[in-house]
Amino acid sequence: MKKKQILYLLLFFLAQTSLRAQKYSSLFKAGVTAGVNLSQIDGDEQFGYNNKGLNFGLRGAVILRKDIDISTELLYSQRGTQPDSDEISKQKRTAYVSLRYAEVPILFNYFYDKSDMGHYRWNVYAGVSYGRLLKSETRILKSFSQTDSVQQNLVNAIGYNTSDLSLIVGVKRYFTNRFGISLRHTSSLNYLYKNPKPIVQTRGQQPNKDYISFRSFFLSVNLFYDFITPKIKRPRKGKTSEKAKTS
């Protein structure tokens, strides 16, 4: 096939792709998101969302109808745990855990409360997320185990689950058709770490279990902006004024 024919076919393909994109542009959204994670790990005997980290990435959505869409994101996310500064927390076993994930949430979104400008103000959503552990750092500040091997495993992240499946619920507030703020809670459904062979000892009448399990939780506050979004039909001024007169 000659070079000119290949060039013509390529131009034809690009033209057809552009026309289809314009035709179906009302079915898709795409944008960026960035924010802060406030996280903790269940099982470390430390309470409160004390660990602060960043999250940022891309987002997109397929619109099913005016008030419902299914969205996905590709995020870089920092989470973990760190001890509180109060004296009670210092008496318990404590650790610092820093985790870095690549996350892909899939969310079902419902929109409500239309503004005068024609866009929805609020969006509630729920879904699941798959995360892949990219990097971890663990420092034991106070004894976590009766055995040195478990302590060493935690420090070296041996036995850490590199895959994370989480449940997400949240709400978004749209200030315009493109820009808004999001608040969500993410709860891991599987363990980050679980001691496979806990040692059970008895001290007096109290059983002492060398049982350690870590599970991640975090809150996220994000700003987002959609640079591709369907056009909205704004109410006509004439209709608005007529309604105002009748009211």
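Residues numbered from 1 in each chain as written. Predicted model: local features only at pLDDT ≥ 70, side-chain atom pairs only at ≥ 80, totals over all residues. Heavy atoms only, no water.

### Points about the overall build of the protein chain
Let me state the cut-off plainly: Helix and strand assignments follow DSSP, with helices taken as H or I runs no shorter than four residues and strands as E runs no shorter than two, numbered in order from the N terminus. Relative accessibility thresholds used throughout: buried, under 20% of the residue-type maximum; exposed, over 50%; partly exposed, between the two (1.4 Å probe, protein chains only). Every accessible area reported is derived by Shrake-Rupley at a probe size of 1.4 Å, with residue values counting cover from the shown protein chains alone.
Along the backbone of the protein chain there are four helices and 11 strands. Here the protein chain holds 247 residues, and the buried ones make up 37% of them. Accessible surface, the protein chain: about 15,400 Å² in total, of which carbon and sulfur atoms supply 61%.

### A word on the packing of aromatic side chains
Stated formally: Here a pair means two rings of Phe, Tyr or Trp (six-membered ring of Trp) with centres within 6.5 Å. Their orientation is stacked below 30 degrees between planes, edge-to-face above 60, and tilted elsewhere. Our definition puts a charge over a ring when NZ of Lys or CZ of Arg is within 6 Å of the ring centre and also within 35 degrees of the ring normal.
Scanning all chains against the criterion turns up eight aromatic pairs. Residues Phe111 and Tyr174 carry aromatic rings whose centres are separated by 5.8 Å and whose planes lie at 55° to one another, so their mutual orientation is tilted. With Phe111 in strand E4 (residues 95-114) and Tyr174 in strand E6 (residues 163-174), the pair connects residues that are 63 residues apart, well separated along the chain. Feature note: the residues Phe111, Tyr120, Tyr174 and Phe224 constitute an aromatic cluster, connected by ring pairs. The ring of Tyr101 is capped by Arg79, whose NZ or CZ atom sits 3.9 Å from the centre of that ring.

### Side note on the environment of Val221
Our working rule: A contact between two residues is defined here by any heavy atoms of the two lying within 4.5 Å.
Within the element layout of this structure, Val221 appears in strand E11 (residues 213-228). The spatial distance from the C-alpha of Val221 to the C-alpha of Ser182 is 5.7 Å, given a sequence separation of 39 residues. Every residue in contact with Val221, bar those within four places of it in the chain, is listed here: Ala34, Gly35, Val36, Ile181, Ser182 and Leu183.

### Focus on the pairing of strand E1 (residues 28-42)
As a reminder, the rule being used: Being paired, for any two strands, means DSSP has found at least two bridges between them.
In terms of strand pairing, E1 meets strand E2 (residues 51-65) through 12 bridges, oriented antiparallel. Bridge pairing links Gly35 to Asn55 in E2. Here E1 runs beside E11; their pairing, made up of 13 bridges, is antiparallel. Following the sheet pairing, Asp42 is matched in E11 by Arg215.

### A closer look at the nonpolar core
Where we set the bar: What we call a nonpolar core is a set of buried Ala, Val, Leu, Ile, Met, Phe, Trp, Tyr and Cys residues that are connected through their side-chain atoms within 4.5 Å.
Counting 12 residues, the largest nonpolar core consists of Ile41, Val97, Leu99, Tyr101, Leu133, Val150, Leu154, Tyr160, Leu192, Tyr193, Ile212 and Phe214. Ranked by residues supplied to this core, first place goes to E4 with three residues.

### A word on the pattern of salt bridges
Our working rule: One speaks of a salt bridge when a side-chain nitrogen belonging to Lys or Arg is within 4 Å of a carboxyl oxygen belonging to Asp or Glu.
For the structure shown, the criterion picks out eight salt bridges. Between Asp226 and Arg59 there is a salt bridge, and its shortest N-O distance comes to 2.9 Å. Placement of Asp226 in strand E11 and of Arg59 in strand E2 is noted, with a sequence separation of 167 residues between them. Judged by its relative accessible area of 2%, Asp226 falls in the buried class. Since its relative accessible area comes to 11%, Arg59 is described here as buried.

### Let's talk about the pairing of E2
The pairing of E2 with strand E3 (residues 68-81) spans 10 bridges and is classified as antiparallel. Counted as the bridge partner of Arg59 is Glu73 from E3.

### Some remarks on the environment of Ile63
Along the chain, the position of Ile63 falls in strand E2. Classification of Ile63 as buried rests on a relative accessible area of 18%. In this structure, the C-alpha to C-alpha distance between Ile63 and Asn109, residues 46 residues apart in sequence, is 9.5 Å.

### Things to note about unusual backbone geometry
We note that Asp113 has phi near 65°; this positive angle belongs to a residue other than glycine. Among the structural elements, Asp113 can be located in strand E4.

### Some remarks on the confidence of the model for the protein chain
What counts, and what does not: Residue-level confidence of the predictor is summarised by pLDDT, bounded by 0 at the bottom and 100 at the top.
In the predicted model, the protein chain carries a mean pLDDT of 82, and the fraction of residues at 70 or more is 72%. Contacts for the low-pLDDT stretch residues 239-247, under 50 throughout, to residues beyond four places or in other chains number one contact.

### A short note on the environment of Ala95
Relative to the elements of secondary structure, Ala95 occurs in strand E4. It is 6.8 Å that separates the C-alpha atoms of Ala95 and Lys142, two residues lying 47 residues apart in sequence.

### Description of the side chain of Arg215
To keep things clear, this is the line we draw: Residues scored as charged are limited to Lys and Arg (positive) and Asp and Glu (negative), so that His and the chain ends carry no count. Any N or O atom pair separated by 3.5 Å or less is treated as a polar contact, with the protein-specific requirement of one donor-capable and one acceptor-capable atom, and with residues adjacent in sequence counted only for side-chain atom pairs.
Its place among the elements puts Arg215 in strand E11. One buried charged side chain, Arg215, makes no salt bridge at all; its nearest oppositely charged neighbour is Asp42, positioned 5.0 Å away. Here Tyr191 takes part through its side chain, which lies 3.3 Å from a polar atom of the side chain of Arg215. When near neighbours in sequence (up to four residues on either side) are disregarded, Arg215 contacts Gln40, Ile41, Asp42, Ser188, Leu189, Asn190 and Tyr191.

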